[in-house]
Amino acid sequence: MIGKLSGRIDYKATDHILIDVRGVGYIVYCSDRTLASLPPVGQACALFTDLVVREDLMQLFGFPTLAEKEWHRLLMSVQGVGAKASLAILGTLGTDGTSRAIALGDWNAVKAAKGIGPKIAQRIVLDLKDKAPSVMAMGGTVAEATGDAEAEVIEPIAVAAPASTAQADALSALGNLGYAPSDAAGAVAQAACEDPNADTPALIRAALKLLAPKG
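Caption draft 1: Main features of the pairing of strand E4 (residues 44-54). The pairing of strand E1 (residues 4-12) with E4 spans 5 bridges and is antiparallel. Each residue of the ladder has a partner; that of Arg8, found in E4, is Ala44. Connecting E4 to the next strand, strand E5 (residues 57-63), in antiparallel fashion are 2 residues.

Caption draft 2: Examining the environment of Gln190 more closely. Tracing the backbone shows Gln190 in helix H8 (residues 181-194). In this structure the C-alpha to C-alpha distance between Gln190 and Ala207, which are 17 residues apart in sequence, comes to 7.7 Å. Residue contacts for Gln190: discarding those within four places in its chain leaves Leu104 and Leu210.

Caption draft 3: Structural detail: helix H9 (residues 200-211). Between its first and last C-alpha atoms H9 spans 16 Å; for 12 residues at 1.5 Å apiece the expected length is 16 Å, and the two agree. For H9, every residue scored as buried is listed here: Leu203, Ile204 and Ala207. Buried positions in H9, seen along its axis, are confined to an arc of 100 degrees and lie on one side of it. Among the exposed residues of H9, those pointing more than 90 degrees away from its buried face are Arg205 and Lys209.

Caption draft 4: Representation of the side chain of Gln59. Relative to the helices and strands, Gln59 resides in strand E5. What Gln59 contacts, discounting residues up to four positions off in sequence, is Tyr29, Asp50, Leu51 and Val52.

Reading guide: rules and limits
Residue positions within a chain follow its written sequence, with the count starting from 1. In keeping with the predicted nature of the model, local features appear solely for residues at pLDDT of at least 70, side-chain atom pairs appear and are counted solely at 80 or more, and the whole-chain, interface and lining totals rest on all residues. To get the side-chain values, take all heavy atoms of the structure and skip hydrogens and water. By the convention used here, strands pair only if DSSP detects at least 2 bridges between them. Counting from the N terminus, the helices are the DSSP runs of H or I reaching at least four residues and the strands are the DSSP runs of E reaching at least two. Residues count as neighbours in contact if any of their non-hydrogen atoms are within 4.5 Å of one another. Here, expected helix span is obtained from the residue count minus one, scaled by 1.5 Å. Accessible area is worked out with a 1.4 Å probe on protein chains only. A residue is then buried under 20% of its type maximum, exposed over 50%, and partly exposed in between. Relevant arc is that of directions from the helix axis to the C-beta atoms, nothing else.

Written out as structure tokens, the structure reads:
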């Protein structure tokens, strides 16, 4: 299994790139959002990858974060959702947007992705809602290419994504307080949606208010 590639971009296409790793070129399919975030041709990049193997096909899919790779794996597990549909969702919503939509049961947000109809969107939310907390807890580790411009292979480093980290920390705190993972994930997702720049303490306070008994 090829789990990560670090190298130089030889070319970009509309749905994939070619990464040169020590003279070996790997074709890696990516979402529109990921392709837009990558550096120009000739520069270094690093991507986490997922290898799909079928009788007549082998394809690599690339992701800037482990959380996005995990969402791709989970989306692909839903009946009727293939790689193209998964990349469309992640390209439209991003990792945090996908987490929020599924944690909140917002299938209309999922339906906004190209090629995703209402039935598939509802099935995705229903099948994956209980799995959203585990992905949100990953916090969003980003593969960032660094290194000498003349090096053969560029080693990636891990960089924390602040918004994702705050949500992961808030989710962990609510879990320690005894809240069910799905309830905590929904509250944190709603709090983050209302205030995207909220830090961990602010998210916890807002989520606790949302979780408080009504009436």
